[in-house]
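# Breakdown of the fold
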Amino acid sequence: MDTRPIGVFDSGLGGLTALRELARIMPDEDLIYFGDTGRVPYGGRSKEILVKYARQDVAFLRSFDPKAIVIACGTVSTTALDVLREENDIPVFGVVEPAAQAAVQLTKNGRVGLIGTKASIRSGSYERALDTLRPDMSITARACPLLVPLVENGRSRPGDVVAETVVSEYLAPVKAAGVDTLIMGCTHYPLLREVIGAYMGPDVALVDAGEQCARWVKKQLEWDGLRNERPGAGRHRYYVTDSTEDFAPLASIFLGEDVAGEVEQIDITAY
Ligand code: DGL
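The rules behind these values
- Residues numbered from 1 in each chain as written.
- Predicted model: local features only at pLDDT ≥ 70, side-chain atom pairs only at ≥ 80, totals over all residues.
- Heavy atoms only, no water.
- Pairing = 2+ DSSP bridges.
- Helix = DSSP H or I, 4+ residues; strand = E, 2+ residues; numbered from the N terminus.
- Contact = heavy atoms within 4.5 Å.
- Axes fitted to C-alpha atoms, helices over the stretch in contact; angles between N-to-C directions.
- Phe/Tyr/Trp six-rings, centres within 6.5 Å; stacked < 30°, edge-to-face > 60°.
- Buried < 20%, exposed > 50% of the residue type's maximum accessible area, 1.4 Å probe, protein only.
- Lys NZ or Arg CZ within 6 Å of the ring centre and 35° of its normal.
- Core = buried A, V, L, I, M, F, W, Y, C linked by side-chain atoms within 4.5 Å.
- Parallel < 35°, antiparallel > 145°, perpendicular 65-115°, else oblique.
- Left-handed = near helix turned anticlockwise from the far one by under 90°.
- Nonpolar A, V, L, I, M, F, W, Y, C, P; charged D, E, K, R; others polar.
- 1 Å grid on protein atoms, 1.4 Å probe; cavity = no way out; pocket = protein on both sides within 12 Å on 5 of 7 lines; lining within 4 Å.
- Points joined across faces, edges and corners; volume = space filled by probe spheres on them.

Moving on, we get to the sheet that holds strand 2 (residues 31-35). Across the sheet, 6 strands lie side by side as 4-3-1-2-9-10; this open sheet has parallel pairing. The sheet is open, and its two edges are formed by strand 4 (92-93) and strand 10 (262-265), each paired on a single side. As paired elements, strand 9 (residues 236-240) and strand 10 share 4 bridges and run parallel to each other. Counted as the bridge partner of Y238 is V263 from strand 10. Packing of helix 1 (residues 16-25) onto the sheet brings it into contact with strand 1 (6-10), strand 2, strand 3 (68-71) and strand 9, and relative to strand 2 it is tilted by some 175°.

Written as structure tokens, this is what we have:
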């Protein structure tokens, strides 16, 4: 048993889709969320900058003495997971392996689609994870740089003409490849689940990388005897790098409920 909090981070609000699942399946855990809202999006940045940002994000979360770090961001998971694991003496979880495992279990025809940020697709990280698990699969990957800004601006609902147009343009080659499973490799994309699902059709299974990661984290903490079995609801705290004013209304869309817990703005450059 370990009552220390779990630190969770993303470039912005996308990681809240993972936090939501963590809170649902482990309501007793204390969760600290860091969203680098002042520097989002990360997805178009170089590896060097991403590693620098990721180190700062983790250093901030480590100031709370967490028992584990969850990289609730496809971009950082695909680019900096190894470095972060090497540099930290607590478990560091990413979204790639859990999402790849889920996709391999779900696909029937062996054709898997993958969408993510430019940095995630460029890294080849998801493809490597899929290939290790099942080498005979055909993977159709597509970078979708406009999706994160759309989601961060609340433009993700069905009926939003811009969201629907952008999604259909990005996904046309993935659909044409006949995939039966699509990995939403960026934690922002589940907000577009309905738009993506409507375009891909009911026969395509959608894999939510953040959700899969949360389930993976629970299992690992249980195996390692690190779960907080203290009775009562866990405490949730949120930290962002841009103004906190816009955070609550948008965050509630990601969380599917009102933000319960403190929200504070911090200066990440101090870490
Ligand atoms: N949620 C991040 C991811 O999963 C978004 C990246 C970005 O900021 O572009 O990749």
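The geometry of an aromatic ring pair is captured by the separation of the ring centres together with the interplanar angle, meaning the angle of the planes. Taken as a whole, this structure holds 8 aromatic pairs when the rule is applied. Taken together, a centroid distance of 5.3 Å and an interplanar angle of 50° make the contact between Y42 and Y53 tilted. Placement of Y42 in the loop between strand 2 and helix 2 (47-62) and of Y53 in helix 2 is noted, with a sequence separation of 11 residues between them. Considering the side-chain rings of F60 and F64, the 5.3 Å spacing of their centres and the 85° angle between planes classify their relative orientation as edge-to-face. Judged by relative accessible area, which is 2%, F60 ranks as buried. Grouping aromatic residues by their ring pairs yields a cluster made of F34, F60, F64, Y239 and Y271. One Lys or Arg, R39, reaches over the ring of Y53 and ends 3.6 Å from the middle of that ring. Taking NZ or CZ as reference, K175 lies 4.5 Å from the ring centre of Y199, over its face.

The next thing to look at is the nonpolar core. One finds L16, V70, L147, L182, I183, Y189 and I196 to be the most contacted residues of the largest nonpolar core, which totals 68 residues. Ignoring anything within four residues of it in the chain, the contact list for I183 reads A99, A100, A103, V112, G113, L114, I115, Y126, L130 and V207. Membership of the second largest hydrophobic core comes to 24 residues, among which are V58, I71, A119 and I266.

Let's shift gears to the packing of helix 1 against helix 10 (residues 209-223). Close contact between helix 1 and helix 10 brings their axes to 8 Å; oriented N to C, the two are set at 40°. In this view, helix 1 runs oblique relative to helix 10, as classed from their interaxial angle. The way helix 1 lies across helix 10 gives a crossing that is right-handed. Counting all contacts with helix 1, which are made through A18, E21, L22 and I25, the residues of helix 10 involved are G210, E211, A214, R215, V217 and K218. Of the residues belonging to the contact of helix 1 with helix 10, the class tally is 5 nonpolar, 1 polar and 4 charged.

Another point: empty space enclosed by the protein. For the coordinates displayed, the defined rule picks out 1 cavity of 30 Å³ or more. If you add up the space inside the largest cavity, you get close to 50 Å³. S11, T75, T117, C186 and H188 are the residues nearest the centre of the largest cavity, which is lined by 13 residues in total. Its residues placed into classes, the lining of the largest cavity shows 5 nonpolar, 7 polar and 1 charged.

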